[in-house]
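# Working through the structure, step by step
Now for the letters of each chain:
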Amino acid sequence: MTDSRPLGYWLKLVDSLISEQFANSLEEHGVTRRQWQLLNVLSRGPATGGELTAALAPFFGEVQAEDEPTSPSEHLSELVESGWVAEEGHTFTLTERGAVSLDRLTEIVDAMREESSAGISSEEYSTTVDSLQKMATNLGWDPHKPPADA
């Protein structure tokens, strides 16, 4: 017998489990999920505070831990203080120390992704992502427009 709970139930459950797993795994290494996301954006090249805020805007609408900063700038300032990110003027750059840390964190995240998708073929995964993207588009999402709360 299959579970007949609706799509929304599964989406919220999986999202909350992913968030919990990220928080637990990354906290052990002294970094938040948002900081990991900022490091990833900066791994592509220098960015201004505004560009970083725009890149992470979709994630700041999510429920966060009570003690977690609520804006990208708070997460970013911790990365600057730790020496993982350098700030020059209004531009931020990943430091060598930050790049090494990001490499280690990426290994952890990759292992989490493998664990969460165990038993799912690459075709099934791709179909799921494609279906969710189509549903988002059907519900008014436009990848070319910034989020409403940005």
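Shown above is the structure to which this text applies.
In this text the structure is predicted, and so the values were computed from the model without any measurement. (Residues numbered from 1 in each chain as written. Predicted model: local features only at pLDDT ≥ 70, side-chain atom pairs only at ≥ 80, totals over all residues. Heavy atoms only, no water.)

## Some thoughts on the overall build of the protein chain
Where we set the bar: Per the convention used, a helix needs a DSSP run of H or I reaching at least four residues, while a strand needs a run of E reaching at least two, with both numbered from the N terminus. Burial status follows relative accessibility: with a 1.4 Å probe on protein chains alone, a residue under 20% of its type maximum counts as buried, one over 50% as exposed, and anything between as partly exposed. By definition in these notes, contact holds between two residues if any of their heavy atoms fall within 4.5 Å. Only the protein chains shown count as cover for residues, and all accessible areas are computed by the Shrake-Rupley method using a 1.4 Å probe.
Scanning the protein chain from terminus to terminus reveals six helices and three strands. Burial status across the protein chain gives 26% buried among its 150 residues. Within the protein chain, residue pairs in contact and separated by at least 24 positions form 57% of the contacts whose partners lie at least 6 positions apart. Total accessible area on the protein chain is roughly 10400 Å²; 54% of this is exposed by carbon and sulfur atoms.

## A few points about the layout of surface pockets
The gaps left among the atoms become clear once a water-sized probe is rolled over them. Stated precisely, the cut-off is as follows: As defined here, a cavity is a set of points on a 1 Å grid over the protein atoms alone where a 1.4 Å probe fits but cannot get out. A pocket is an open set with protein on both sides within 12 Å along at least five of seven lines, and residues line them when an atom is within 4 Å of a point. Grid points are joined across faces, edges and corners, and a volume is the space filled by probe spheres set on the points. Under the scheme applied, nonpolar residues are Ala, Val, Leu, Ile, Met, Phe, Trp, Tyr, Cys and Pro; charged residues are Asp, Glu, Lys and Arg; polar residues are all the others, including Gly.
Here the largest pocket defines a volume of roughly 2000 Å³. Every residue lining the largest pocket is counted, 42 residues in all, and those nearest its centre are Asp15, Ile18, Tyr125, Val129 and Leu132. Secondary structure elements with two or more residues in the lining of the largest pocket: helix H1 (7-27), helix H2 (33-43), helix H3 (49-56), helix H5 (96-116) and helix H6 (122-138). In terms of residue class, the lining of the largest pocket is made up of 26 nonpolar, eight polar and eight charged.

## Quick notes on the nonpolar core
The criterion, for reference: Definition of nonpolar core: a set of buried residues of the types Ala, Val, Leu, Ile, Met, Phe, Trp, Tyr and Cys, connected through side-chain atoms within 4.5 Å.
Residues Leu39, Leu42 and Leu52 are the most contacted members of the largest nonpolar core, which totals 21 residues. Breaking this core down by element, the ones donating at least two residues are H1, H2, H3, helix H4 (72-82), strand E3 (91-94) and H5. Of all the elements, H2 adds the most residues to this core, at five residues. Among residues more than four places away in sequence, those in contact with leucine 52 are Leu38, Val41, Leu42, Ala47, Leu76 and Phe92.

## Focus: the packing of aromatic side chains
Between two aromatic rings, the relevant description is the distance of the centres plus the angle of the planes. Which entries qualify depends on this criterion: Note on ring pairs: Phe, Tyr and Trp rings are taken, using the six-membered ring of Trp, and paired if centres are within 6.5 Å. Classes follow the plane angle, with under 30 degrees stacked, over 60 edge-to-face and the rest tilted.
Throughout the structure, instances matching the rule amount to two aromatic pairs. The interplanar angle of 85° and the centroid separation of 4.9 Å between the aromatic rings of tyrosine 9 and tryptophan 10 together place this pair among those described as edge-to-face. Judged by its relative accessible area of 34%, tryptophan 10 falls in the partly exposed class. Arranged with centres 5.5 Å apart and planes meeting at 50°, the rings of phenylalanine 22 and tryptophan 36 form a pair that is tilted. Remark: tryptophan 36 occurs in helix H2 and phenylalanine 22 occurs in helix H1; sequence separation between them is 14 residues. Given a relative accessible area of 7%, tryptophan 36 falls into the buried group.

## Some remarks on the pairing of strand E2 (residues 85-88)
Going by this rule: DSSP bridges decide pairing: two strands pair if at least two such bridges lie between them.
As paired strands, E2 and E3 are joined by four bridges and run antiparallel to one another. Bridge pairing in E3 places glutamate 87 opposite phenylalanine 92.

## Overview of the sheet that holds E3
Heads up, the condition is: Fitted lines through C-alpha atoms give the axes, limited to the stretch in contact for helices. The angle between two N-to-C directions lies from 0 to 180 degrees.
Strand order in the open sheet formed by three strands is E1-E3-E2, and the pairing between neighbours is antiparallel. On the outer flanks of this sheet lie strand E1 (47-48) and E2, each paired with one strand and no other. The strands that H4 touches are E2 and E3; relative to E2, the one it contacts most, it runs at about 105°.

## With respect to the environment of leucine 38
Relative to the elements of secondary structure, leucine 38 occurs in helix H2. In the structure, leucine 38 is positioned 37 residues away from histidine 75 in sequence and 8.2 Å away in space, judged by C-alpha atoms. With residues near it in sequence (within four places) discarded, leucine 38 still touches Leu52, Leu56, Pro72, His75, Leu76 and Leu79.

## Details of H6
Think of an α-helix as 3.6 residues a turn; residues three or four steps apart then line up on the same face. Test applied: Given the number of residues in a helix, its expected span is that number minus one, multiplied by 1.5 Å.
With 17 residues, H6 should cover 24 Å at 1.5 Å per step; its first-to-last C-alpha distance of 24 Å lies within 8% of that length. Where H6 ends, the next residue or the one after it, glycine 140, has phi of about 105°, a positive value.

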